[in-house]
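Here is how the chains run, residue by residue.
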Amino acid sequence: MKYGHFSEDGREYVVERPDTPRPWINYLCNRDGNYVSLLSANAGGYSFVGCPKDGRVTRWRYNGLPQDRPGRYLYMKSVDDNDVWSLSWQPTAKPVQHYGVRHGLGYTTFSCNYHGVEAEATYFVPLDDPLEIWSVTLKNTAATPQRLEVFPFAEMCLGHALTDLINKPNDQHFNRLWFRDDANALFSTKTYWVTGGSANIQENKAWNKVAFMASSLKTLSYAGEREVFFGPYGDERNPAAIADGTLQSTSVSSGNVVSCLQHRLTLGLGESVTFHVLLGAADKQNAGVSDPDRDRAVVSEANCIALIKKYALRESVDHALDAVKQYWTAFTSTVQVDTPCTAMNTYLNTWNQYQGKVTFLLSRNASYYHWGVTRGMGFRDSLQDTISVVMTEPDLVRARLLLLARYQRSDGVCAHCFHPVSGVAEFTGHKDDPLWLITATWYYLAETGDISVLEASAAFHDGVEATLLDHLDASVKFIDSNLGPNGIPTFGRGDWNDTLDFVGGQDGSGESVWVGMFYAYNLRLFADIMQTLLNDAEQADRMRAKYEAVRTALDQHAWDGEWYIRAACANGTKLGSSECREGRIYLNPQTWSVLSGVAGERGEGAMRAAAEHLDTEFGPKLLAPAYHEIDDQIGLITRCVWGKKENGSIFNHTTTWAIMAECMLGHGQRAMGLYEKLLPCSFDHDRYQIEPYVYAQYTTSDEHETFGQGSHAWLSGTAAWMFRAALDSILGIQVTLKGIRINPCVPSQWERFNVVRKYRGTTYRVSVVREDTDQIGVPTLEIDGEAVALDSILPQSGGDMSVVLTLTK
């Protein structure tokens, strides 16, 4: 790959060229996602605590030029010749030698050599504390001693990011910054804070945090005013204050705030020095007395100082970094695979799991595409994100299920999006949202067997007391009360494809075929829960009867002859039909007809039609042909450019369901072919442009001139579903409510693969081998050397268990 490569063990991605087509980033965060730092391979990005909208610590300019500014920079300056550079290639863009960036799990390391100074800086966020640490080592490789100045820098936001963006001239009157000699640290906060739904509502309260920057080096001076630091018309490339060598060391009572410290050191021949910088934000404490020396609110920096003291020693920093690495090693140990596909091993063992956890923590809330200022966390998104993390951290998933349940009303309607700090939520009535609660709960129960979660208390959003089981029942009743004239769920405001927002018409009466299939899928899951776990045959039969009713309706009204339509529009037309000139066939109805079981024998034909009409070099399109003409009766999808996003792009999320459907039909070759097409490392990255180590939301399809260009990396439902598609469907390590069974669907040329899977206290060591024989035999399954039936549920021993499945040709 042109710009970098995976390390030998696959645990790091090494960026060798800093001029990547777009910023290639990493997420550094607490294990619970409280403090998060987005950091690019050029040290760009932003940090927040609690929530990216309400708790923004540092600034980042959206869609700005130069791109990816500002960041968390380490400026260097030679005292002898005034040469200024940065340890990251940007912002100074000096011709550094031996430049490299290693994105790892929970940390990023920059390295370079310039002006005879060999430098390495590792950025990371401790597991539990609200700060980031920059651990830096400098070594003099020149032939003479080096007199250097070091300037750690960040531009501050301090609170509500949207207010900072749209009300900047007024919002800056509330900024405060000051330095404390006894702490060797800069502190900053804001005396005004908006947390409600509108940035114009004056809430008359202060930000509840104090931000800080501290260093283990003695501070010579500091800077807090951005315009003074950069100088008139200056920018990050060569700040005037650094060029002049003078930071004003004055407190700030208004204006744009930066945090910058100045340190001075001398390195002899071959000498090195290691130091660290702390940047974070901690809860305020009311001091109870005013401080006339600082024009700011009555607050105490006690929590900040406690963190500064905790990480004062080098040993504490090293221990914190080791803890981060150990955490991720343990996290990824739940699943480890060894297959003939090296790239599959790299993603399943490391990066797919890592991306899944990051996405679980952040939903679609804070990325380089979603800036965390408007949308908040998605209800359906957050539920889908649980299905991979549940293998490793079921307690977090249990808490997430109960949290999300509280954003459902007693009528079954769910908040489509919400902000976790303020609690502001938007109830749109999307028809699929409630059903994802059933899906996620089933996966949790299948992984843990924790039936008690069904009786856990989770009041409806309108105050009605309820258990989680009540919420699942409300989800079914919501769909039941919104069936159209053909017995198929109505479209309402929308379904999984948010841009089909006018298919339902003004009264929402159009019918969503996909929701019908998804409803059928979840009726099966709910019946399974009631029968298998709760022994409630009557309720299970009731769900099965509903399943048969919707299956019959879809059979009668949704089959178009060669494939399933997408919807019956409110105006009487069909969507996704051979009768359509644009949008003739959609992928989701074909895949979910198989996943839900409603297709029966038609499933083969539906998937064959999807392959024929939708497949491309980089995977299947979401629909085809893409829309070129705006149609108000369909919605936003027709206003989007063709070949991108929902209008006919290669939507990776939906392709995961195609992989699962192909496996259900026994098409191992086809399923693995789709999997390999979507591997992020398989692209030409001048064309693809985005990170090769994580999945993107979509790739531009062949209906646009930028075919093969990726977008919306990191925060995508692709992360969780691709992990399940590969592990459960292709490799066949499948969970049920009773336990695990082995049912792989792999290419015929695969001779062997191995999987380690931890599940309910047992570590299964699974080997799948293909007999090297010309005879057609019968597959066999052995558990600890004993032959068992092929469809056996693996016993749970609480220890290690050897499982060998022998396949035949």
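In the block above lies the structure referred to throughout.
It should be emphasised that the depicted structure is a prediction, and the values quoted were computed from it without experimental measurement.

Before going further, it helps to spend a moment on empty space enclosed by the protein. If you walk through the whole model with that rule in mind, you get six cavities of 30 Å³ or more. Approximately 70 Å³ is the volume attributed to the largest cavity. At the level of secondary structure, the elements contributing two or more residues to the lining of the largest cavity comprise strand S17 (221-225) and helix H3 (226-230). Sorting elements by how many residues they give to the lining of the largest cavity places S17 first, with four residues. Counted by class, the lining of the largest cavity contains six nonpolar, five polar and one charged residues.

The full count for this structure, using the stated rule, is 54 aromatic pairs. Ring geometry for Trp-60 versus Tyr-368: centroids 4.3 Å apart, planes at 45°, classification tilted. On the criterion of sequence distance, the pair formed by Trp-60 in the loop between strand S6 (56-58) and strand S7 (73-78) and Tyr-368 in the loop between helix H7 (342-362) and strand S21 (377-378) is long-range, its members being 308 residues apart. Assessed through its relative accessible area of 8%, Trp-60 is described here as buried.

It is at 9 Å that the axes of helix H14 (residues 587-595) and helix H16 (residues 652-664) come closest, and there the two elements cross at 40°. Overall, the two elements H14 and H16 adopt an arrangement that is oblique. Like other packed secondary-structure pairs, H14 and H16 cross with a definite hand, here left-handed. Across from Leu-587, Asn-588, Thr-591, Trp-592, Val-594 and Leu-595 in H14, the residues of H16 making contact are Thr-654, Thr-655, Trp-657, Ala-658, Met-660, Ala-661 and Met-664. Taken together, the residues that form the contact of H14 with H16 break down as nine nonpolar, four polar and no charged.

Before going further, it helps to spend a moment on the sheet that holds strand S22 (residues 415-418). Overall, antiparallel pairing links the three strands, which are arranged S21-S22-S23 in an open sheet. Pairing within the sheet leaves two strands with one partner each, and these edge strands are S21 and strand S23 (425-427).

To continue, consider the layout of surface pockets. Empty space within the largest pocket amounts to approximately 800 Å³. In terms of lining, the largest pocket is formed by 28 residues, of which the most central are Trp-442, Met-664, Gln-734, Val-735 and Arg-741. Of the residues contributing to the lining of the largest pocket, the split by class is 17 nonpolar, five polar and six charged. Space inside the second largest pocket adds up to approximately 530 Å³. Forming the walls of the second largest pocket are 25 residues, and the residues nearest its centre are Arg-375, Arg-380, Asp-498, Lys-645 and Glu-646. Breaking the lining of the second largest pocket down by element, the ones donating at least two residues are helix H8 (379-389) and S22. Class assignment for the residues of the lining of the second largest pocket results in five nonpolar, 10 polar and 10 charged.

Okay, the pairing of strand S15 (residues 185-190) next. Of all the six residues making up S15, six are buried; the element is thus mostly covered by neighbouring parts of the structure. Alternating residues of S15 divide into Ala-185, Phe-187 and Thr-189 and Leu-186, Ser-188 and Lys-190, and every residue in both groups is buried. When strand S14 (residues 175-180) meets S15, the two strands line up antiparallel, connected through six bridges. Paired with Trp-178 across the two strands is Phe-187, which belongs to S15.

Below, the discussion takes up the environment of Leu-595. Assignment of secondary structure puts Leu-595 in helix H14. For Leu-595 and Trp-134, which are 461 residues apart along the polypeptide, the C-alpha to C-alpha distance reads 47 Å. With sequence-adjacent residues up to four places away left out, Leu-595 is seen in contact with Tyr-521, Trp-657, Met-660, Ala-661 and Met-664.

With 19 residues, helix H6 (residues 314-332) should cover 27 Å at 1.5 Å per step; its first-to-last C-alpha distance of 28 Å lies within 8% of that length. Looking only at H6, the buried set comprises Val-317, Ala-320, Leu-321, Val-324, Tyr-327, Trp-328, Phe-331 and Thr-332. Buried positions in H6, seen along its axis, are confined to an arc of 120° and lie on one side of it. Those residues of H6 that are exposed and aimed more than 90 degrees away from the buried face are Glu-315, His-319 and Gln-326. Each element contacted by the buried residues of H6 is listed here: strand S10 (107-114), strand S11 (117-124), strand S12 (131-140), strand S19 (272-283), strand S20 (335-338) and H7.

What follows deals with the packing of H8 against helix H10 (residues 433-448). Interaxial distance between H8 and H10 falls to 9 Å at its minimum, and their mutual angle equals 15°. Viewed along their axes, H8 and H10 adopt a mutual orientation that is roughly parallel. Both H8 and H10 take part in a crossing whose hand is left-handed. Taken together, the residues of H10 that come into contact with H8 (itself represented by Phe-379, Arg-380, Leu-383, Gln-384, Thr-386 and Ile-387) are Asp-433, Trp-436, Leu-437, Ala-440 and Tyr-443. By residue class, the composition of the contact of H8 with H10 is seven nonpolar, two polar and two charged.

By the element assignment, Gln-146 lies in strand S13 (residues 146-159). A polar side-chain atom of Gln-146 sits 3.4 Å from the main-chain carbonyl oxygen of Gly-116.

Going through the model one piece at a time under the given rule, you end up with 51 salt bridges. For the salt bridge of Asp-54 with Lys-53, the shortest nitrogen-to-oxygen distance reads 3.0 Å. Residues Asp-54 and Lys-53 agree in their burial class; the two are buried. As a salt-bridge pair, Arg-226 and Glu-155 come within 2.8 Å of each other at their nearest N and O atoms. Taken together, the residues span a long stretch of sequence, with Arg-226 in helix H3 and Glu-155 in strand S13 at a distance of 71 residues. Classification of Arg-226 as buried rests on a relative accessible area of 18%. One salt-bridge network, in which partners are shared between bridges, spans Arg-59, Arg-61, Arg-69, Glu-155, Asp-164, Arg-226, Glu-227 and Glu-236.

One turn of an α-helix holds 3.6 residues; hence residues three or four places apart share an orientation. Taking 1.5 Å as the rise per residue, helix H12 (residues 513-533) with 21 residues should run 30 Å; its terminal C-alpha atoms sit 30 Å apart, in good agreement. Most of H12 is tucked away, with 17 of its 21 residues classed as buried. Downstream of H12 by a residue or two, Asn-535 has a phi angle that is positive, lying close to 55°.

Along the polypeptide, Cys-341 turns up in the loop between S20 and H7. Note: C-alpha distance between Cys-341 and Trp-750 (409 residues apart in sequence) is 9.3 Å. In contact with Cys-341, other than residues within four places in its own chain, are Met-672, Glu-676 and Trp-750.

With that out of the way, let us pick up the sheet that holds strand S29 (residues 650-651). Reading across from one edge, S29-S30-S31 is the order of the three strands in this open sheet, with antiparallel pairing throughout. For this open sheet the edge positions go to S29 and strand S31 (710-713), each flanked by a neighbour on one side alone.

This brings us to unusual backbone geometry. With an omega of -10°, the peptide bond between Leu-65 and Pro-66 qualifies as cis. Within the element layout of this structure, Pro-66 appears in the loop between S6 and S7. In this chain, Gln-90 is followed by Pro-91 through a cis amide linkage whose omega measures 10°. Looking at the element boundaries, Pro-91 is found in the loop between strand S8 (84-86) and strand S9 (97-104). Of note in the backbone geometry, Ser-249 takes a positive phi value of approximately 55° without being a glycine. Here Ser-249 shows up in the loop between helix H4 (240-244) and strand S18 (257-267). Of note, His-712 is a non-glycine position whose phi angle comes to about 60°, a positive value.

Cut-offs used in this document
- Residues numbered from 1 in each chain as written.
- Predicted model: local features only at pLDDT ≥ 70, side-chain atom pairs only at ≥ 80, totals over all residues.
- Heavy atoms only, no water.
- 1 Å grid on protein atoms, 1.4 Å probe; cavity = no way out; pocket = protein on both sides within 12 Å on 5 of 7 lines; lining within 4 Å.
- Points joined across faces, edges and corners; volume = space filled by probe spheres on them.
- Helix = DSSP H or I, 4+ residues; strand = E, 2+ residues; numbered from the N terminus.
- Nonpolar A, V, L, I, M, F, W, Y, C, P; charged D, E, K, R; others polar.
- Phe/Tyr/Trp six-rings, centres within 6.5 Å; stacked < 30°, edge-to-face > 60°.
- Buried < 20%, exposed > 50% of the residue type's maximum accessible area, 1.4 Å probe, protein only.
- Axes fitted to C-alpha atoms, helices over the stretch in contact; angles between N-to-C directions.
- Parallel < 35°, antiparallel > 145°, perpendicular 65-115°, else oblique.
- Left-handed = near helix turned anticlockwise from the far one by under 90°.
- Contact = heavy atoms within 4.5 Å.
- Pairing = 2+ DSSP bridges.
- Expected span 1.5 Å × (residues − 1).
- Arc of directions from axis to C-beta.
- Polar contact = N/O pair within 3.5 Å; in protein donor to acceptor, adjacent residues only side chain to side chain.
- Salt bridge = Lys/Arg side-chain N within 4 Å of Asp/Glu carboxyl O.

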